[in-house]
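# Coordinates in review
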Amino acid sequence: MGLSKKVAKTACSLEFCIKINRKSMKQIIPLLVAVLFHVNVFGQQFSLSGKVVNSRKVPVELVYANLMKNDSILIRQALTDSTGYFFMKAEKGNYRLILEQFGTRFTSQEVSLNQNMELGNIEINETTELQGVTISGRKKIIEQKVDRLVFNVENSVMATGGTALDALKATPTVRVQNDQVSIVGKGEVLVMIDERLQRIPQEDLADFLKSIPSGNIKSIEVITAPPAKYDAEGNSGLINIKLKSAKANSWNANIGTSYTQKTYAGGSLQGLFNYNQDKLSLNASLNKGTQKLLTTSTSQIFYTDELWSQEIRNTSKNKTLSLGFGLDYKLSNKWTTGIRYLSSLTDKTSTNNPLTTRFDNAGKNVLSYVLSDVLDNNKPEMRSLNWYQSISLDSLGKNITVDFDYFNYSKKDYRFFEGNELDQQKHTIPNKFFSSTNNNINKIKNYSGKIDFSLPYKWANISFGAKASYTNTNNDLVVYNNETGVPIPDAGQSNRFNYQEYNEALYFSTSKKINAQWETQIGFRMEATQTEGYSGNLNQSNKNNYTKLFPTAYVTYVPNDNNSFSINYSRRIRRPDFDYLNPFVIKTSPYYYSEGNPFLKPSFINNLEFSYIRKQNWVSNIYLSQVSDFGQELSIIDPSTNITRSSPLNYANTYQIGFSTYYNFKKWSCWNSITGFNINYQNVKSKTSLIKSIDGGNGYFYTNNDFTLNKSKSVFLGVNYGLQLPGRYQIFHISSIHMLDASMKFLFLKKNLSFTITGEDLLNAQKPLISYKSNNVENNVKSYRDTRGFRIALSYKFGNINLKSKNRNFGNEDERNRTNP
C-alpha cells in the first residue's frame with residue numbers, strides 16, 4: 001500500500017474518532033503529528049553532489065559515482081560530466097559513496113545523508129590508499145571520451161618492447177604506413193608529446209618516434225576534435241603521446257633490452273627511473289638503439305613515347321639516442337612548478353644504386369639505362385625544454401597554468417651521388433657523366449609562452465588563455481660539382497634561406513551542463529600569423545600576414561547511462577612545413593630535381609562529426625570534412641623533357657564524407673577485442689592543369705585482440721590484423737594491404753620480469769602499389785619497407801611503492817595532465 005493511501009486512511013479514521021469522542025482530541029493530535037512526520041521523513045529526498053578532480057585540480061569526466069547501501073546494494077549512480085560534476089538524489093540514510101572509472105576504484109567514503117550535501121572537490125589518484133591498504137586498478141586498454149580516444153599503452157601486449165611508432169601501430173583508429181602517421185580515414189595528423197606540438201619535418205618524425213621506447217609511454221590520445229585551448233594546427237585532429245612519471249609516494253625503475261630481426265639485426269637498451277615523495281617528483285629516461293634495414297621500390301612512368309622503369313634497393317642504418325628528464329616541485333598546497341626536457345639524436349646512413357631502364361612505348365625494347373650510386377647521411381637532433389607553473393585558485397578547481405617552451409631542431413645532411421647514362425649494351429655514353437655533393441645544415445628554433453585559465457562554476461565551466469610563439473629557420477646549402485673529378489663549389493646551386501614566423505593566439509571556451517541529459521561546449525580561438533622568407537642566393541623575400549578565427553562547438557545528449565549522442569564542429573589550419581617554403585632548386589640527377597614554393601599557402605579545414613556511443617563499448621561516427629587550398633608535395637612530370645620536378649603545391653579543394661565504427665568486446669575477462677572499420681568517399685576538385693579532378697572511395701578494417709591465457713594473469717597473447725581495401729586516397733589509387741602482427745608476453749618474478757616476443761607483418765603483404773597521373777602521365781610505385789620480422793624484448797621493474805609521506809593527500813598523476821575536457 002502506498003504512503004498516500006496510508007495517510008488518507010489514517011486521516012479518515014481520525015475524523016471518525018473525533019466525531020465520536022471529542023474528549024480524546026488531546027490524545028489523537030500527537031498521534032496524527034507523529035504519523036505525518038513519519039510520512040514526510042521517509043518520502044523526502046536529499047541531493048548529493050560533488051566535483052571529481054585529479055591531483056592537478058583538473059576536472060575528470062566519465063567517473064561513476066555509486067551510492068551503496070550495506071556495501072552491496074546500489075541505490076543511485078551518476079556519471080561526472082566534462083566539468084567533473086556529478087549530482088544525484090536519495091532518501092535519508094547512511095551510505096557508502098564509491099568513485100570508479102573503467103574498472104578502477106578511486107575512493108570510498110561513508111556518507112550520512114540527512115540534508116542536501118555538496119562535497120566540493122574530491123581528488124583522485126590512480127593509486128589510492130584506503131584504510132591502510134593500497135588498491136591499484138588496472139585500466140582498460142581503451143577509453144572513449146567526447147573528443148578523443150585514449151589508448152593505455154602499458155596495458156597493450158602488442159606495444160611491449162617496441163618504440164612509440166610501434167605503439168601507434170597498435171593504437172585503434174591510428175594507421176602507420178611507410179612511417180607516416182594518420183587517423184584512419186582522415187589523413188595525416190600532427191603529434192604532441194605531453195601536449196607539446198612537435199614541429200619536426202615529416203621525414204624526420206618517424207625517426208624521432210623510434211627513439212622513444214613504448215615502455216616510457218603511459219597512453220596515447222587520438223584527439224579528433226581538439227578544444228579551443230589547443231593550437232588550431234593539424235588537418236583532422238592531433239595525437240598526444242603521454243609519458244610516464246611517478247605515482248604518489250613511490251619510486252620505481254625499469255631496465256630493458258630488445259633484439260629485432262628483419263633483413264638485418266637491430267636492438268635497443270632502455271632505462272626509466274621515477275621518484276615521487278611529498279613535494280618532489282622526478283623522472284628520467286634513456287634509450288639507445290640501432291637498426292639496419294633493406295627497403296626496395298619499383299616505379300614506372302608511362303611517357304607518350306617511352307616507358308621508364310626504375311628499381312632501387314636501399315640499405316640504411318639508424319642509430320638513435322634519446323634522453324628525458326622531468327622535475328615537479330610543490331612550492332605550496334596551491335602552487336606547483338616543474339621542468340621537462342626531451343632530446344633525440346639520430347645518425348642515419350643509407351646507400352642505394354638506382355637503375356632506370358628506358359623502354360619504347362610498348363615496353364619491350366630497351367633504349368638506354370641510367371645508373372647511379374648514392375650515399376646519404378643525415379643527423380637530425382631535437383631538444384625541447386619546458387618550464388611550467390600550475391597555480392590553484394581555490395578548492396573548487398579554479399587554476400592557472402603558465403608554460404614557457406624552447407624547441408631546437410638541427411639537421412646535417414650529406415648527399416653524394418654520381419652516375420652515367422648507358423646505351424642498350426650498358427656501355428657508357430660519352431659526356432653523360434653526372435656527379436655532385438650536397439651539404440645542407442637546417443636549424444629550427446622555436447620560443448613560445450602561454451597562459452591558461454580554468455574557472456569551473458556550478459552554472460558553467462569557463463576557460464580562456466593566450467599564446468605567443470616565434471620560429472626562426474635557417475638552411476645553408478653548399479653544393480659541389482664533381483663532374484671534372486675535383487669538387488668545385490657551385491655558387492649557382494648553393495643557397496642560404498631564412499624563414500621567420502610569429503604566431504599570437506587568444507582563446508575562450510565555455511561548457512554548460514544544461515540538465516542531466518544535455519551538455520554543450522563552445523570555443524573560439526583567434527590566431528594571427530606573420531611570416532617572412534628570404535633566399536640569399538636569389539635575393540628574394542616573401543612575406544605573409546593573416547588573422548583567422550577557429551571556432552569549435554560540441555553538443556552531447558545522454559538519455560541514460562547506456563547511450564550517448566554527440567555532434568561537434570571544428571575549423572583548423574595546416575601550415576606548410578618550413579622546408580617546403582625554401583624556393584631553391586636541388587638537383588639529384590639530370591632527370592630529377594626538387595624545389596620549394598615560397599608562395600605556398602596554408603590549408604583551412606572544416607570538420608563536422610556525429611558520434612554515437614553505446615555502453616562505452618560500441619562507438620560509431622559519421623564525419624564530413626572540407627579542405628580549402630589543399631597542399632602537398634607532388635612529382636610533376638614534363639613529358640617533353642622527361643624531367644620530374646618535385647614541389648609542394650596548393651592544387652585542390654577536397655571534400656570527404658565517411659563512416660567509422662568499432663566495438664570493444666570484453667564480455668570475458670580473458671579476451672579484450674577492438675574491431676572496427678572505416679569507409680569514406682573523397683572528391684578532389686583540382687585548381688591546376690597539372691592534376692585532374694578525381695573522386696573515389698576507400699575502406700579499412702581492423703581488429704586488435706589481447707588474450708589473458710592463465711588465471712594468474714602472467715601469460716598474454718596479442719593478435720592484430722588490418723586490411724586496407726583497394727581504393728582511392730586523394731589523387732592516389734592504392735592497392736590492398738594486409739597487416740598481421742602477433743605477440744606473446746610472459747611475466748615472472750612476481751610479475752616484475754617481462755619477456756615478450758613479437759612477430760610483425762607475418763603475411764609479408766605490406767607492399768602497396770600506388771598509382772596516379774601527373775600532367776596526364778601515368779605513374780606507379782610499389783615499395784617494401786622491410787616490415788617483416790620479429791622482436792624479442794626483456795624488461796625488469798623494481799622499486800618501492802610504500803614511501804612514507806608527510807602529506808598523505810599529495811601525489812602526482814603518472815604524467816602532467818592539463819587537458820580541459
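Residues numbered from 1 in each chain as written. Predicted model: local features only at pLDDT ≥ 70, side-chain atom pairs only at ≥ 80, totals over all residues. Heavy atoms only, no water.

## Remarks on the overall build of the protein chain
Tallying secondary structure elements over the protein chain gives four helices and 48 strands in all. Residue burial in the protein chain is summarised as follows: out of 821 residues, 52% are buried. Of all intrachain contacts in the protein chain linking residues separated by at least 6 positions in sequence, the fraction that spans at least 24 positions is 65%. Counting only carbon and sulfur atoms, one obtains 57% of the accessible surface of the protein chain, whose full area is about 37,200 Å². (Helix = DSSP H or I, 4+ residues; strand = E, 2+ residues; numbered from the N terminus. Buried < 20%, exposed > 50% of the residue type's maximum accessible area, 1.4 Å probe, protein only. Contact = heavy atoms within 4.5 Å. Areas by Shrake-Rupley, 256 points an atom, 1.4 Å probe, with all protein chains shown as cover.)

## Observations concerning a positive patch on the surface
Taken together, the side chains of Lys 288, Lys 292, Lys 317 and Lys 319 make up a positively charged region of the molecular surface. Tracing the backbone through its elements, the reader meets Lys 319 in strand β22 (residues 306–330). (Patch = residues over 30% accessible without salt bridge, like charges linked within 9 Å, V, L, I, M, F, W, Y side chains within 5 Å. Salt bridge = Lys/Arg side-chain N within 4 Å of Asp/Glu carboxyl O. Lys, Arg positive; Asp, Glu negative; His and termini not counted. Charge placed at Lys NZ, Arg CZ, Asp CG, Glu CD.)

## Comments concerning the environment of Leu 280
Within the secondary structure, Leu 280 sits in strand β21 (residues 280–302). A residue is classified by how much of its surface remains accessible, and Leu 280, at 26% relative accessible area, is partly exposed. As a C-alpha pair, Leu 280 and Thr 336 span 56 residues in sequence and 9.7 Å in three-dimensional space.

## A short note on the confidence of the model for the protein chain
Mean pLDDT over the protein chain works out to 84, with 89% of the residues at or above the 70 mark. Within the model, pLDDT remains below 50 along residues 1–43, and this stretch shows ten contacts once partners closer than five positions in the same chain are excluded. Confidence over residues 805–821 falls short of pLDDT 50; this stretch has 82 contacts with residues more than four positions distant or in other chains. (pLDDT = per-residue confidence, 0-100.)

## Quick notes on the pairing of strand β39 (residues 671–686)
Looking at chain direction, strand β38 (residues 643–665) and β39 are connected through 14 bridges and run antiparallel. The partner of Thr 661 across the bridge, within β39, is Phe 677. The hairpin formed by β38 and β39 contains five residues between the paired strands. Note: β39 against strand β40 (residues 694–708), 14 bridges, orientation antiparallel. Bridging from a neighbouring strand, Asn 683 pairs with Asp 695 of β40. (Pairing = 2+ DSSP bridges.)

## Focus on the environment of Ile 124
Structurally, Ile 124 can be placed in the loop between β7 (117–123) and β8 (127–130). Relative accessible area serves as the criterion here: at 5%, Ile 124 is assigned to the buried category. In sequence terms Ile 124 and Thr 107 are 17 residues apart; their C-alpha atoms lie 7.0 Å from each other. Apart from the residues lying within four places of it in its own chain, the contact partners of Ile 124 are Val 52, Val 53, Asn 54, Ser 55, Val 60, Leu 99, Phe 106 and Thr 107.

## Observations concerning the sheet that holds strand β12 (residues 174–177)
The strand order β12-β13-β14 describes an open sheet built from three strands, whose pairing is antiparallel. Edge positions in the sheet fall to β12 and β14 (187–188), since each of these pairs with one other strand and no more. Direction of pairing for β12 relative to strand β13 (residues 180–183): antiparallel, over a ladder of four bridges. Looking at the pairing, Arg 175 lines up with Ser 182 of β13.

## With respect to the pattern of salt bridges
Opposite charge on two side chains allows them to pair when their charged atoms are near. For the coordinates displayed, the defined rule picks out 25 salt bridges. A salt bridge links Arg 96 to Glu 110; the shortest N-O distance between them is 2.5 Å. Placement of the pair is Arg 96 in strand β5 (residues 93–101) and Glu 110 in strand β6 (residues 104–113), with a sequence separation of 14 residues. When its relative accessible area of 15% is taken as the criterion, Arg 96 is described as buried. With relative accessibility at 54%, the residue Glu 110 sits in the exposed group. In this structure, the salt-bridge partner of Arg 358 is Glu 306, at a minimum N-O distance of 3.2 Å. Linking Arg 358 in strand β24 (residues 355–360) with Glu 306 in strand β22, this pair joins segments that are 52 residues apart in sequence. We note that Arg 358, like Glu 306, is buried.

## Things to note about the sheet that holds β7
With respect to topology, three strands assemble into an open sheet ordered β4-β1-β7, the strand pairing being mixed. Only two strands of the sheet have a single partner each, and these edge strands are β4 (85–91) and β7. Averaged over neighbouring strand pairs, the angle between their axes works out to 20° when direction is ignored. In this sheet, β4 lies alongside strand β1 (residues 45–53) in antiparallel orientation, the contact comprising seven bridges. Across the sheet, Gln 45 pairs through a bridge with Glu 91, a residue of β4. (Axes fitted to C-alpha atoms, helices over the stretch in contact; angles between N-to-C directions.)

## Here's the deal with a nonpolar patch on the surface
Taken together, the side chains of Ile 514, Trp 518, Val 555, Ile 567, Leu 608, Phe 610, Ile 622, Leu 624, Ile 657 and Tyr 681 make up a nonpolar region of the molecular surface, amounting to roughly 830 Å² of accessible area. For the nonpolar patch, the secondary structure elements donating two or more residues are β36 (603–614) and β37 (618–638). One can find Val 555 in strand β32 (residues 540–560).

## What to know about the nonpolar core
In terms of nonpolar packing, the biggest core is built from 66 residues, with Phe 208, Leu 209, Ile 217, Ile 220, Ile 241 and Tyr 651 touching the most fellow members. In terms of residue count, β37 provides more of this core than any other element does, five residues in total. Discounting residues that sit within four places of it in the chain, Ile 241 has contacts with Ala 164, Val 191, Met 192, Ile 193, Asp 194, Leu 209, Ile 217, Ser 219 and Ile 220. By size, the runner-up hydrophobic cluster in this structure holds 19 residues, among which are Val 63, Leu 67, Phe 86 and Val 111. (Core = buried A, V, L, I, M, F, W, Y, C linked by side-chain atoms within 4.5 Å.)

## Considerations on the packing of aromatic side chains
Aromatic rings in a pair are described by how distant their centres are and how their planes are angled relative to each other. One pass over the full model with this rule turns up 29 aromatic pairs. Between Trp 668 and Trp 671 the ring centres are 6.1 Å apart and the planes differ by 25°, which places this aromatic pair in the stacked class. Judged by relative accessible area, which is 26%, Trp 671 ranks as partly exposed. By the ring-pair criterion, three or more aromatic residues cluster together here, those being Trp 518, Tyr 557, Phe 565, Tyr 612 and Trp 618. (Phe/Tyr/Trp six-rings, centres within 6.5 Å; stacked < 30°, edge-to-face > 60°.)

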